[in-house]
Every structure is written in structure tokens, then in C-alpha cells.
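# Fold and geometry: a report
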Amino acid sequence: MTIDPIEYHSRFQRSKVLGLAVLAGAIALCCLMTGCTTKNYVRSQTGPLVQQTNELDAKTAADHRDITDADQRAQLGIANANGAAASADKNALAAAQSAEAAGQSAQDAVNRVDTLSGVVANLDNYKELSKVSVTFGFDKSVLTAADREQLDGVAATLASARGYIVEVTGGTDSVGDAQYNYQLSQRRADAVVNYLSAKYNIPPHKFYLIGIGKDVAVADNKTAAGRAQNRRVEVRLMFNMTQAAQGAQAGGE
């Protein structure tokens, strides 16, 4: 059978076109399958990462909340502690101020005089019952253990006494400014009064304080031993003999 060359050429072209079409379709199908596979792979790989990221974000947020809560509790605790400390400081300050005010009131009630003459009524009726002198270190106004022991001996007789006064005279040596020494002698006398009034409950008005500074010396200020004797507070316990006699008579009756 004879095939027409033109028809043969036409069939060949159609077969070529068909083959190309089939090949193109296969390639497209292959790409499509490959693309789907790639997307599935990417999805399967990124899925766990996204989930882990979300979980990490959630945990971070929770930790932040915990830290914030802990910080708030800590701040509240600090604020409460500061408030309690401030309240305690305020109470302590108030107590200190009250004690200071009480001490000041007691000091104000003490008689501060230059001499007993003209101040104590019927001074001639008073008789010195005991006397003691306590000494201080240079520029000091603090009682030593030996000083307190001497004062205890004087105050021991006051348990049931009546009609008495306590003369307290403070002195200094000749070293230093006169005004400063006068104030120092007052501080030394105050130290004695504070000790006796606190330990033996002696009323402030029973005391007569005389600060003489360096004006009246009991020893020579030219020697160290003499200056040591002048740094002293003399305490005289004096009884009103008239009141004492009246008390004894009333007790006898």
C-alpha cells in the first residue's frame, strides 16, 4: 500500500504534538506531586517547631507572671517591714521623749542654789548627819563603782527618815575656763542626784544643788593630787532636828 507523503507527514506531526502533550502532562503531574510532597514535608517539619515555640511562649508568659507575683509579694513584704520598723522607731522615739521629759521635770524640781543660807527655812535646826565626797576623772562627770558604793552608804539611812535635805556641791580643779568648769561642776552634781533619786526614790525637791566650779578648792591646785581632790562632789545629809524630835515624841505617845 502506498502512503501519501503529505499524509505521512501530517500523521507524524500529530504524533509529535501528542507526545509532547503527554510529556508535558507527565512533567506537570510530576511537579505537582513533588510540590505537594515538599509542602507536606515542610508542614510536617515546621509543625513541631511551631508547637514548641507556642509552648515556650506560654511558659515564658507564665514564668513572667510568677516573677511579677513574687516581686509584688516581695515589695509588699518590704513595705510592711518598713512600716513596722517605722512604727517601732516612732514608738521608741516617743518613749525616749517621754523619759527625757520625765527626767527634765525631775531636774527642774531640784533646788539649784548658790548657798543654803536664806533658802532653807530654819537652817539652824538642821544638823549634818553624814557627809561623803566622790571624785571624778579629769573633765569627767560619770560615777565610778567606788563612787556609787560611797553614795549607797549615805542613802542607806534614808529608808524611814523624815525632815531631811541633801546638799550636793559640785567642784572642779583650776584647769580650764571658769564658765566651762562651772557647767562641769553642775553635771557632776546632777550625776549624783540622778543616781540617788533613781535608786533610793528620793524626791527631787529634797536636793539642793550647788555648783561652785573652781571657785572653792579643798586642796592645792598646784599639785596633781590636789587637783584630783578638787574634782569632787560633796554630799551632806542633813536632818531637821525639830521635826525629828516631834516625830519621835509622836511615836512614843
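Structure's up top.
Our subject in this report is the structure included herewith. (Residues numbered from 1 in each chain as written. Predicted model: local features only at pLDDT ≥ 70, side-chain atom pairs only at ≥ 80, totals over all residues. Heavy atoms only, no water.)

### A closer look at helix 2 (residues 145-155)
The cut-off we apply is this: For each residue, the accessible area found with a 1.4 Å probe, counting protein chains only, is set against the maximum for its type, and the residue is called buried under 20%, exposed over 50%, and partly exposed in between. Each helix is a run of H or I in the DSSP string that is no shorter than four residues. Each strand is a run of E no shorter than two, and both are numbered from the N terminus. In this description, one arc is meant: the one made by directions from the helix axis to the C-beta atoms. Note on contacts: a residue pair qualifies if any of its non-hydrogen atoms lie within 4.5 Å across the two residues.
Asp-147, Leu-151, Val-154 and Ala-155 are the residues of helix 2 that are buried. Burial along helix 2 is one-sided: seen end-on, the buried residues are contained in an arc of 90°. What points out from helix 2, more than 90 degrees from its buried face, is the exposed set Ala-145 and Glu-149. Of the surrounding elements, those touching the buried residues of helix 2 are strand 2 (126-135), helix 3 (178-200) and strand 5 (232-240).

### Regarding helix 3
To keep it simple, the criterion reads: One fewer than the residue count of a helix, multiplied by 1.5 Å, yields its expected span. Whenever two N or O atoms come within 3.5 Å, that pair is a polar contact, provided that in protein one can donate a hydrogen and the other can accept it, and provided that, for residues adjacent in sequence, both atoms are side-chain atoms.
When the terminal C-alpha atoms of helix 3 are compared, their 33 Å separation across 23 residues agrees well with the 33 Å that a helix rising 1.5 Å per residue should span. Among the residues of helix 3, Asn-181, Leu-184, Ser-185, Gln-186, Arg-188, Ala-189, Asp-190, Ala-191, Val-192, Val-193, Tyr-195 and Leu-196 are the ones counted as buried. The backbone nitrogen of Gln-179 has a side-chain oxygen 3.0 Å away, supplied by the residue at the start of helix 3, namely Asp-177. Looking one or two residues past helix 3, Asn-201 carries a phi angle of roughly 55°, positive in sign.

### Topic: the nonpolar core
To keep things clear, this is the line we draw: Working definition of a nonpolar core: buried Ala, Val, Leu, Ile, Met, Phe, Trp, Tyr and Cys residues. They are joined through side-chain atoms within 4.5 Å.
Residues Leu-143, Leu-151, Val-168, Val-192, Leu-196 and Phe-207 are the most contacted members of the largest nonpolar core, which totals 25 residues. Mapped onto this core, the elements with two or more residues apiece are strand 2, helix 2, strand 3 (164-171), helix 3, strand 4 (207-213) and strand 5. Residue contributions to this core peak at 6 residues, all from helix 3. Beyond its immediate sequence surroundings of up to four residues, Val-192 is in contact with Val-134, Leu-143, Leu-151, Val-168, Val-233 and Val-235. Within the second largest apolar cluster, 9 residues are counted, among which are Tyr-126, Ile-165, Ile-210 and Met-238.

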